[in-house]
Amino acid sequence: YESTMRQRLNDFAAGLNESELIRVHDHATRRGSFRASGEETIWHIVNHATYHRGQVACLLKSHGVHFPDTDIIIWLNKA
């Protein structure tokens, strides 16, 4: 699964160009709709994932569970 997801992300990133990054998209969510460029949407995805990793780490730590490092720099250097 990890290698498939990494390949899909690499393919997505390779296909990005400046026009895709600046094009504004409309996004519908449970909380309403919003507009964001492709670049802003990517930043949102990265930030949102970080937020949830922190939530999970906090919950695990509060219950005394040992868990792997959640810092993305560690993940990048294992690749």
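So, here's what we can say about the structure. (Residues numbered from 1 in each chain as written. Predicted model: local features only at pLDDT ≥ 70, side-chain atom pairs only at ≥ 80, totals over all residues. Heavy atoms only, no water.)

Things to note about the pairing of strand β2 (residues 32-37)
Then, in step 1: Two strands pair when backbone bridges link them, and strand β1 (residues 24-29) and β2 are joined in this way by six bridges, in the antiparallel orientation. Residue H27 lies in a different strand from β2, and its bridge partner there is F34.
Then, in step 2: The antiparallel pairing of β1 with β2 creates a hairpin that spans two residues between the two strands. (Pairing = 2+ DSSP bridges. Helix = DSSP H or I, 4+ residues; strand = E, 2+ residues; numbered from the N terminus.)

Overview of the environment of M5
Then, in step 1: Locating M5 in the fold gives a position in helix α1 (residues 2-14).
Then, in step 2: The partly exposed category is assigned to M5, whose relative accessible area is 29%. (Buried < 20%, exposed > 50% of the residue type's maximum accessible area, 1.4 Å probe, protein only.)

Things to note about helix α3 (residues 38-62)
Then, in step 1: For α3, with 25 residues, the first-to-last C-alpha span of 36 Å sits near the 36 Å given by 1.5 Å per residue.
Then, in step 2: Turning to α3, its buried residues are G38, T41, R53 and A57.
Then, in step 3: Where α3 ends, the next residue or the one after it, G64, has phi of about 70°, a positive value. (Expected span 1.5 Å × (residues − 1).)

What to know about the environment of D69
Then, in step 1: Examined against the element boundaries, D69 turns out to sit in the loop between α3 and α4 (72-78).
Then, in step 2: The class for D69 is partly exposed, based on a relative accessible area of 44%.
Then, in step 3: Considered as a pair, D69 and A57 are twelve residues apart in the sequence and their alpha carbons are 8.8 Å apart.
Then, in step 4: Excluding anything up to four places from it in sequence, D69 contacts I74 and W75.
Then, in step 5: Among the polar contacts made by the side chain of D69, one reaches the main-chain amide nitrogen of D71 at a distance of 2.8 Å. (Contact = heavy atoms within 4.5 Å. Polar contact = N/O pair within 3.5 Å; in protein donor to acceptor, adjacent residues only side chain to side chain.)

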